[in-house]
Amino acid sequence: MPDNKIIFLDRDGTINKEDGYITKVGQLELYRGTVPALRMLNEAGYGIVIVSNQAGVAKGLLTESELMKINNALLEMLGSENIMVERLYYCPHHPDAVIPEYKKDCECRKPRTGMVQSAEKALNVSARGAYMIGDKLTDMELAHNFGGKGILLQTGYGKEEARKINSTAHNPVYIAGDILDAVEWLKANNKL
Ligand SMILES: [Mg+2]
């Protein structure tokens, strides 16, 4: 990818509405700002990479193949708006999993950087300095861990999460109302 133009996005509470564990395609609903925000990123030449913790698989709430159906449905919803997503990565593991094969202290669960490293390899880019947009402080911590910058949204769990920010946390560079606000902020500050 030229010029290292890559941006990392969380899935639930960021792109699609937070709805507890999403176990069915019917629960997928995009935020109003999602399509215009992702279009701006595409038009600016940014490769969009979605990185999503999906511990519902480890907890037995849905199977990995059901999760893949939901992910594909999301990509189709975006594709029907001509939004191009380079990669979508998920972590199905959890240290306290009830499904033994997913019980793992893995490297891919955010805030660890396994999914970001996979994207770096697959797309032949460096994530250093890239932005990570999400609704949780673990997303901000992930940004810190890969040498990037976090933008916290107030959608999803973001309002509660913003209250937990303190001087020792891995603080976001900006707290945005929603994903469109985040991308508009990047553009207004000449970061796109
Ligand atoms: Mg989220």
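Let us look at the structure shown here. Source: prediction; values computed, not measured.

## Re the sheet that holds strand β5 (residues 149-153)
One open sheet holds the 6 strands; their spatial order is β3-β2-β1-β4-β5-β6, and the pairing between them is parallel. The sheet is open, and its two edges are formed by β3 (87-91) and β6 (174-176), each paired on a single side. Mean inter-strand twist for the sheet, computed between neighbouring axes without regard to direction, equals 20°. Sheet topology places strand β2 (residues 47-53) next to β3; 5 bridges connect them, and they run parallel. Residue Val-51 lies in a different strand from β3, and its bridge partner there is Tyr-89.

## A few points about helix α2 (residues 64-79)
The end-to-end C-alpha separation of α2 is 22 Å, in line with the 22 Å expected for 16 residues at 1.5 Å each. Taken as a whole, α2 has its buried residues at Ile-70, Asn-71, Leu-74 and Leu-78. The buried side chains of α2 occupy one side of the element, clustering within an arc of 95° when seen end-on. Residues of α2 that are exposed and point over 90 degrees away from its buried face: Ser-65, Glu-76 and Gly-79. Buried residues in α2 make contact with α1 (34-43) and β3.

## What to know about the nonpolar core
Of all hydrophobic cores here, the largest spans 44 residues; its most connected members are Ile-7, Phe-8, Ile-48, Ile-50, Ile-133, Ile-179 and Ala-182. Ranked by residues supplied to this core, first place goes to helix α6 (residues 179-188) with 5 residues. The residues contacting Ile-48, other than those within four sequence positions of it, are Ile-7, Leu-9, Leu-38, Leu-41, Val-85 and Glu-86.

## Some remarks on helix α3 (residues 114-123)
Three- or four-residue spacings in an α-helix give side chains the same orientation, since the helix completes a turn every 3.6 residues. Inspection of α3 places Met-115, Val-116 and Ala-119 among the buried residues, and these make up the whole buried set. The arc that holds every buried residue of α3, seen down its axis, measures 100°, which confines them to one face. Asn-124, located one to two residues past α3, shows a positive phi value of around 55°.

## Some thoughts on the pairing of β3
With respect to burial, β3 is a largely interior element, 4 of its 5 residues being buried. Crossover connection from β2 via α2 to parallel β3: handedness right-handed.

## Here's the deal with the environment of Ala-97
Here Ala-97 lies in the loop between β3 and α3. On the basis of neighbour counts, which here come to 17 C-beta atoms within 10 Å, the residue Ala-97 falls in the partly exposed class. Expressed as a C-alpha distance, the spacing of Ala-97 and Met-132, which sit 35 residues apart in the sequence, is 26 Å. Once you skip the residues sitting within four places of it in the chain, Ala-97 turns out to touch Ala-58, Lys-59, Tyr-102 and Lys-103.

## Re the environment of Glu-141
Looking at the element boundaries, Glu-141 is found in helix α4 (residues 137-145). Residue class for Glu-141 comes out partly exposed when judged on the 17 C-beta atoms lying within 10 Å of it. Note: C-alpha distance between Glu-141 and Pro-111 (30 residues apart in sequence) is 5.6 Å. In contact with Glu-141, not counting residues within four places along its chain, are Pro-111 and His-170.

Definitions and cut-offs
- Residues numbered from 1 in each chain as written.
- Predicted model: local features only at pLDDT ≥ 70, side-chain atom pairs only at ≥ 80, totals over all residues.
- Pairing = 2+ DSSP bridges.
- Helix = DSSP H or I, 4+ residues; strand = E, 2+ residues; numbered from the N terminus.
- Axes fitted to C-alpha atoms, helices over the stretch in contact; angles between N-to-C directions.
- Expected span 1.5 Å × (residues − 1).
- Buried ≥ 20, exposed ≤ 12 C-beta atoms within 10 Å, placed from the backbone.
- Arc of directions from axis to C-beta.
- Contact = placed C-beta atoms within 7 Å.
- Core = buried A, V, L, I, M, F, W, Y, C linked by C-beta atoms within 7 Å.
- Right-handed = clockwise from strand over helix to strand, strands pointing away.

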